[in-house]
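Commentary on secondary and tertiary structure
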2 protein chains.
Amino acid sequence: MPAIWSPSLSHGAQQITSSAIRDLLEITQQPGTISFAGGLPAPECFPTEELTAATERALVETPLAALQYGPTEGFRPLREFLVRHMARLDINVPLEQLLITSGSQQALDLLGKLFIDDGAPIAVEETTYLGALQAWRPYQPRFLTLPLDEDGLDVNALARMLEGGAKPRFLYLVSCFQNPTGVTLAPARREALVALASRHGLAIVEDDPYGELSYDGPRTAPLAALDIAMHGELRHVVYLSTFSKLLAPGLRVGWVAAPAEVVGKLVQAKQGMDLHTGSLAQATAYYASCDGLLDRHTPHILAIYRARRDAMLAALERHMPPGVRWTKPGGGMFIWLTLPEQLNAAQLLRAALERQVAFVPGESFFPNGGGHNTMRLNFSHAAPAQIQEGIARLASAIREMIGKT
Amino acid sequence: MPAIWSPSLSHGAQQITSSAIRDLLEITQQPGTISFAGGLPAPECFPTEELTAATERALVETPLAALQYGPTEGFRPLREFLVRHMARLDINVPLEQLLITSGSQQALDLLGKLFIDDGAPIAVEETTYLGALQAWRPYQPRFLTLPLDEDGLDVNALARMLEGGAKPRFLYLVSCFQNPTGVTLAPARREALVALASRHGLAIVEDDPYGELSYDGPRTAPLAALDIAMHGELRHVVYLSTFSKLLAPGLRVGWVAAPAEVVGKLVQAKQGMDLHTGSLAQATAYYASCDGLLDRHTPHILAIYRARRDAMLAALERHMPPGVRWTKPGGGMFIWLTLPEQLNAAQLLRAALERQVAFVPGESFFPNGGGHNTMRLNFSHAAPAQIQEGIARLASAIREMIGKT
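Residues numbered from 1 in each chain as written. Chains lettered and ligands numbered in written order. Predicted model: local features only at pLDDT ≥ 70, side-chain atom pairs only at ≥ 80, totals over all residues. Heavy atoms only, no water.

**A closer look at the overall build of chain A**
When you go through chain A residue by residue, the secondary structure sums to 14 helices and 15 strands. A compact globule built from 405 residues would reach a C-alpha radius of gyration of about 22 Å, and chain A, at 21 Å, matches this within 12%. In terms of principal-axis extent, the alpha carbons of chain A reach across some 60 × 60 × 55 Å. Residues classed as buried in chain A amount to 65% of the 405 residues present. Excluding contacts between residues fewer than 6 apart, the proportion of contacts in chain A whose partners are at least 24 apart in sequence is 74%. Surface accessibility of chain A: about 13,600 Å² in total, with carbon and sulfur atoms responsible for 51%. (Helix = DSSP H or I, 4+ residues; strand = E, 2+ residues; numbered from the N terminus. Rg over C-alpha atoms; globule rule 2.2 N^0.38 Å. Buried < 20%, exposed > 50% of the residue type's maximum accessible area, 1.4 Å probe, protein only. Contact = heavy atoms within 4.5 Å. Areas by Shrake-Rupley, 256 points an atom, 1.4 Å probe, with all protein chains shown as cover.)

**Observations regarding the interface of chain A and chain B**
Listed by partner, the interface residues are 88 residues for chain A and 88 residues for chain B. Summing both sides of the interface, chain A and chain B together bury roughly 6,900 Å²; the carbon and sulfur share of this comes to 62%. If you sort the residues of chain A by the area they bury against chain B, W5, L67 and Y69 of chain A come out on top, with a joint share of 13%. Connecting chain A to chain B are two salt bridges. Among the ionic pairs, K113 of chain B bridges to D109 of chain A, the shortest N-O distance being 2.6 Å. Applying the counting criterion to the chain A and chain B interface returns 38 residue pairs in polar contact (both at pLDDT 80 or more). Mapped by element, the contributors of at least two residues to the side of chain A that touches chain B are α2 (48-61), α3 (63-67), α5 (103-115), α6 (130-136), β8 (204-207), β9 (237-242), α10 (260-274) and α11 (279-289) of chain A. Looking at the side of chain A that touches chain B, the element that brings in the most residues is α10 of chain A, giving 10 residues. For the side of chain A that touches chain B, the residue count by class is 43 nonpolar, 31 polar and 14 charged. (Buried area = accessible area lost by both parts, 1.4 Å probe. Salt bridge = Lys/Arg side-chain N within 4 Å of Asp/Glu carboxyl O. Polar contact = N/O pair within 3.5 Å; in protein donor to acceptor, adjacent residues only side chain to side chain. Nonpolar A, V, L, I, M, F, W, Y, C, P; charged D, E, K, R; others polar.)

**Focus: the nonpolar core**
Core analysis: the largest hydrophobic core is formed by 290 residues, its most contacted members being W136, L377 and L394 of chain A together with W136, L377 and L394 of chain B. In this structure L394 of chain A touches M320, L348, A352, V357, F359, M375 and L377 of chain A, once residues within four positions along its chain are discounted. (Core = buried A, V, L, I, M, F, W, Y, C linked by side-chain atoms within 4.5 Å.)

**Describing the relation of the copies chain A and chain B**
Structural alignment of chain A on chain B gives an RMSD of 0.0 Å, achieved by rotating through 180 degrees and translating 0.0 Å along the axis. Expressed as a symmetry operation, the mapping of one chain copy onto the other fits a two-fold axis. Taken together, the interface assignments show that 100% of the residues at the interface of chain A recur at the interface of chain B, consistent with an identical surface on both copies. (Least-squares fit on C-alpha atoms with pLDDT ≥ 70 in both.)

**A short note on unusual backbone geometry**
Comment: phi is negative for the bulk of residues other than glycine, and the bulk of peptide bonds are trans. Residues and elements named next belong to chain A. In this structure, the amide linkage connecting N179 to the following residue, P180, adopts the cis form with an omega of 20 degrees. Relative to the elements of secondary structure, P180 occurs in the loop between β7 (171-174) and α8 (187-200). Phi is positive for Q356, close to 60 degrees, though the residue is something other than glycine. Residue position: Q356 is located in the loop between α13 (345-354) and β13 (357-358). The partly exposed category is assigned to Q356, whose relative accessible area is 31%.

**Regarding the packing of α8 of chain A against helix α9 (residues 223-231) of chain A**
Packed helix pairs are characterised by how far apart their axes lie and by the angle those axes make with each other. All names here are of chain A. Relative to each other, α8 and α9 sit at 55 degrees, their axes nearing to 10 Å. Judged by the angle between their axes, α8 and α9 are oblique. Of the two elements, α8 crosses α9, and the hand of that crossing is right-handed. Residues R190, E191, L193, V194, A195 and S198 of α8 lie in contact with α9, whose contacting residues are L223, L226, D227, M230 and H231. When grouped by side-chain class, the residues that make up the contact of α8 with α9 number six nonpolar, two polar and three charged. (Axes fitted to C-alpha atoms, helices over the stretch in contact; angles between N-to-C directions. Parallel < 35°, antiparallel > 145°, perpendicular 65-115°, else oblique. Left-handed = near helix turned anticlockwise from the far one by under 90°.)

**Thoughts on the environment of E125 of chain B**
Residues and elements named next belong to chain B. By the secondary structure assignment, E125 is in strand β3 (residues 121-125). Using a relative accessible area of 2% as the deciding quantity, one classes E125 as buried. Separated by 269 residues in sequence, E125 and L394 place their C-alpha atoms 27 Å apart. The residues touching E125, leaving out its near neighbours within four places in the chain, are L146, L148, L153, Y172, L173, V174, Q178 and P367. For E125, the side chain forms a polar contact with the main-chain nitrogen of V174, separated by 3.3 Å. Here the side chain of E125 touches Q178 through a polar contact of 3.1 Å, side chain to side chain.

**Comments concerning the sheet that holds β3 of chain B**
Residues and elements named next belong to chain B. Taking strand neighbours across the sheet as the criterion, the seven strands line up as β2-β10-β9-β8-β7-β3-β4 in an open arrangement whose pairing is mixed. A single partner strand is all that each edge strand has here, and the edge strands are β2 (98-101) and β4 (142-146). The average angle at which neighbouring strand axes cross in this sheet is 20 degrees, direction not considered. With five bridges joining them, β3 and β4 adopt parallel strand pairing. Residue E125 lies in a different strand from β4, and its bridge partner there is L146. Of the strands in this sheet, β2, β7 (171-174), β8 (204-207), β9 (237-242) and β10 (254-257) touch helix α5 (residues 103-115), which is tilted by about 155 degrees from β9. Relative to the sheet, helix α9 (residues 223-231) contacts β7, β8 and β9, its axis offset from that of β9 by approximately 145 degrees. (Pairing = 2+ DSSP bridges.)

**Quick look at the environment of K245 of chain A**
Checked against the element boundaries, K245 of chain A lands in the loop between β9 and β10 (254-257). Judged by its relative accessible area of 8%, K245 of chain A falls in the buried class. Sequence separation between K245 of chain A and G211 of chain A is 34 residues; the distance between their C-alpha atoms is 9.8 Å. Here K245 of chain A is in contact with P209, Y210, L213, I301 and M333 of chain A together with Y69 of chain B, once residues within four sequence places are set aside. Within the structure, the side chain of K245 of chain A is placed 2.6 Å from the side chain of Y69 of chain B, a separation counted as a polar contact.

**Examining the domain arrangement of chain A**
All names here are of chain A. Entries for chain A in the domain assignment read domain 1 (13-45 + 295-404) and domain 2 (48-291). A straight line from the C-alpha centre of domain 1 to that of domain 2 covers 25 Å. At the interface, 34 residues of domain 1 touch 33 residues of domain 2. Across the interface of domain 1 and domain 2, roughly 2,800 Å² is buried in total on both sides, 58% from carbon and sulfur atoms. (Domains from an automatic or database assignment.)

**What about the sheet that holds β7 of chain A?**
All names here are of chain A. One open sheet accounts for seven strands, arranged β2-β10-β9-β8-β7-β3-β4; its pairing is mixed. Here the strands that pair on one side only, and so sit at the sheet edges, are β2 (98-101) and β4 (142-146). Across the sheet, the mean angle from the axis of one strand to that of its neighbour is 20 degrees, orientation sign disregarded. The pairing of β8 with β9 spans four bridges and is parallel. Looking at β9, one finds that V205 is bridged to V238. Of the strands in this sheet, β2, β9 and β10 touch helix α4 (residues 76-87), which is tilted by about 115 degrees from β2.

**A look at the pattern of salt bridges**
Counted under the stated rule, the structure contains 36 salt bridges over all chains. Ionic pairing is found between R219 of chain B and D208 of chain B, a salt bridge with its closest N-O pair at 2.8 Å. Placement of the pair is R219 of chain B in the loop between β8 and α9 and D208 of chain B in the loop between β8 and α9, with a sequence separation of 11 residues. Here R219 of chain B and D208 of chain B have matching classes, each one buried. Taken together, the shared-partner salt bridges connect D208, E212 and R219 of chain A into one network.

Spelled out as structure tokens, the structure:
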């Protein structure tokens, strides 16, 4: 029985592997397991009634826009709404520079298709969003990694890299409440980064799905806003955001604001990828948002997630043995935990799953390997009592493993 | 003002151009213009009330499945429905071999990503679906074209190509009521093609969005069904279909049935592309279909489109001057028209647009150029009276152009 299809995989496809998280999710869905593994919004945060009303409005008021083929750029009223929404972040772009995508994930694939060739250097944070690595590996880039700390990307290290002659096609970063570490690029570093980009002609992909999930005060200004402030228009930054965290990820509606010279290519490439993002989902996002739902609903989400973040930080403080370190994020969904050097998080995971608690070992987030003693903890999905119990279980597994070494 | 982003386009991206149809659509949306250019379903055919009820059921009965992140393979009840739906076409596949995609267009992009390398030979019909060419050009294949006639692909020509040593990664064809020509691969040729595939280890991508739109009798058995009949399982054929023609294209929900060795790679690649197809759209398609809507609704669509096809064929017969030929499709949405050799369809389009009638010049559908005197006419979107008027206008433009040559 010859395998007709498998021998002819493209070189790019040979780079594709399943996400460690995705494989994990199956295990963690067993009843009784407390999972800090996924990156799921809490279902209590979905504005289900408002979304139901929005689908009705979409299908009654604009049935054609909700059901027929639509423009690749996206549903125009939604794009117009997003132009206004982004202006509040001082990201002032004309409608023509704003494109709807099938979640931010598609924007990453689009950017890979447009800008990554075999061996092309792409600068990324040393730990970065796994989905970006997955989107780009088929295009076979070479990842140049940059350190990050509690204040986000080490911009001085980037300056040295660029001054040393590196020519990354672009720099990718999650600028607020990063996935996986939870850290945020500090305002002074943002200024320095945009100035550096200007000096070196550096292109930047700013992924900002978590920016609105700011629990300790107003969010930090996006790089895109600084780029526009400095250059009068979006010149260096392609800005990605999404409805996934504020409405519902199942809509798969994200958006991109891009420099004028990029947006036409994004639209052309997207056309060949899925023609356009689902019309019903776009119309639903529009009718749900157009009368101010995000303003009314976001504080509700923030209150829930803030309590969960606080519960996890308190539980870590209470239960973790000495030698374990973790980040203290001001927002987002994730805490990054570093075990003592001699511990291995993948081994720990097996012991943790026996105790019915799950996390993601950190290695997957390192583009070029490393981080055997790190892990990502999600705090948005489990309720506070579960978080306390789960962290206690995890700490007990860690203690036992330390005892054995 | 340096252009930061544009100089670094990938080699693949340099192959991306906008669709001729897409550019045309803007012109043809002017009021008064009768358009045979798009490939749009008639909005009268959308089961809007049933879809509205389905979104409500989705959001009330399974809000999490409609709003949360979901599995990359798709919403399980929808996949189970499609397993039953396909079994009626004798395409018997286990659930594990069925994957939901963001329209069939995404399946084409997925297949390109998995199986096309720079310079890889791909066998296609001499005129083929423009969206497949758009999806694949960024992966830089070499298109090997095969003739087709009123009975579809010339399978003998394919046999000669394979016997001559050509090793296409796969053969792509729209097997029923082809886009752009409207022709259908005849049953005897289907048998011969599957036998040939078996002999040569040929992989086949069968794109079947129009198969159910059969106006003159039962549809022809898909190649996938013959593959299974011959081999006991799907071995040679990756089968693509969609809800776009039977429910609504704006849902962007399609599906793929693939040999076991392919489906895992499809899922992995899709994960990096958009994580999963929109949950609300999938749940809507499921709740709309699960109680037999397709069976009740399809005859209604067939009656409308059959009348439009008949109206266009009658109008062509009545108005076209000698020397103009066209196909007589048994289904689908398109008629293919061939002008006298000395006429140029792109030039004709300008004259036609002055008369407020639009079509797509055929050249775009030829992967390697040619077909200057051909055009595609869509008959599903305009009402019969418009079709008669539009064909009369078109014939008058053709007559005038013949007079000038």
